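# Coordinate inspection notes
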Amino acid sequence: MTQPPSAGGPSSHGLPANPYNPHAWVIGEPEIGAGTWIGAFTVIDGSGGLTIGAGCDISCGAQIYTHSTARRCVSGRAYASVDRAPVRIGDRVFIGANATVMMGVTIGDGAVIGAGAVVSRDVPAGAVVAGVPARMVSTVELDGTDVRFVPVVES
């Protein structure tokens with residue numbers, strides 16, 4: 001007898017079952033806050049330590065990694081270990097479709113990660129980042145129910 005997806009047993013499509021989305025791959029034991037939505041076809045790697053705050057939206061195809069095998073691979077396995085570093089994502093963070101968050105990154109509350117961005121450095125609270133590598137392109141301004149994205153002026 002198979003367990004329902006929220007019970008942690010195998011799913012009918014081979015992905016490890018999780019309570020967030022039956023079409024997402026969630027590994028390790030990430031801490032995920034209340035009201036966070038995870039889209040289909042996402043990879044959520046909690047093997048190196050992952051905290052995702054409350055009220056976040058993680059769009060379809062996004063990937064969050066807390067490990068890397070690059071050193072092990074290029075050394076022909078002479079470097080025997082898998083590098084791991086925790087990722088911390090604040091509350092009310094939006095991660096766009098197909099964005100990638102690399103190990104060791106901290107993303108502040110209310111930040112926006114643009115679709116397809118590759119985040120390899122920390123992102124301050126209220127920042128909007130986009131591109132490869134991700135860079136700050138605007139800031140989030142809240143005024144009651146009004147939300148504005150104010151472009152960053154480079155000097």
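Coordinates for the structure precede this section.
Residues numbered from 1 in each chain as written. Predicted model: local features only at pLDDT ≥ 70, side-chain atom pairs only at ≥ 80, totals over all residues. Heavy atoms only, no water.

## Regarding the environment of S81
Among the structural elements, S81 can be located in the loop between α1 (70–74) and β9 (83–84). When the C-alpha atoms of S81 and T69 are compared, they prove to be 7.8 Å apart, with 12 residues separating the residues in sequence. (Helix = DSSP H or I, 4+ residues; strand = E, 2+ residues; numbered from the N terminus.)

## Some points on the pattern of salt bridges
In this structure the tally under the stated criterion is 3 salt bridges. Close ionic contact of D83 with R71 constitutes a salt bridge, the shortest N to O distance being 3.0 Å. Residue D83 is located in strand β9, and its partner R71 is located in helix α1; the two are separated by 12 residues in the primary sequence. Using a relative accessible area of 13% as the deciding quantity, one classes D83 as buried. Between R148 and D146 there is a salt bridge, with its nearest N and O atoms 2.4 Å apart. Here the residues in one salt-bridge network are E141, D146 and R148, joined through shared partners. (Salt bridge = Lys/Arg side-chain N within 4 Å of Asp/Glu carboxyl O. Buried < 20%, exposed > 50% of the residue type's maximum accessible area, 1.4 Å probe, protein only.)

## A closer look at the nonpolar core
Burial of nonpolar side chains together is a common tendency in soluble globular proteins. By size, the foremost hydrophobic cluster in this structure holds 27 residues, and its most contacted members are I52, I64, I89, I95, I107 and I113. Contributions of two or more residues to this core are made by β5 (50–52), β10 (87–89) and β16 (127–130). If near-sequence neighbours (up to four positions away) are discounted, I95 is found in contact with D57, I58, S59, A62, I64, I89, V101 and I113. (Core = buried A, V, L, I, M, F, W, Y, C linked by side-chain atoms within 4.5 Å. Contact = heavy atoms within 4.5 Å.)

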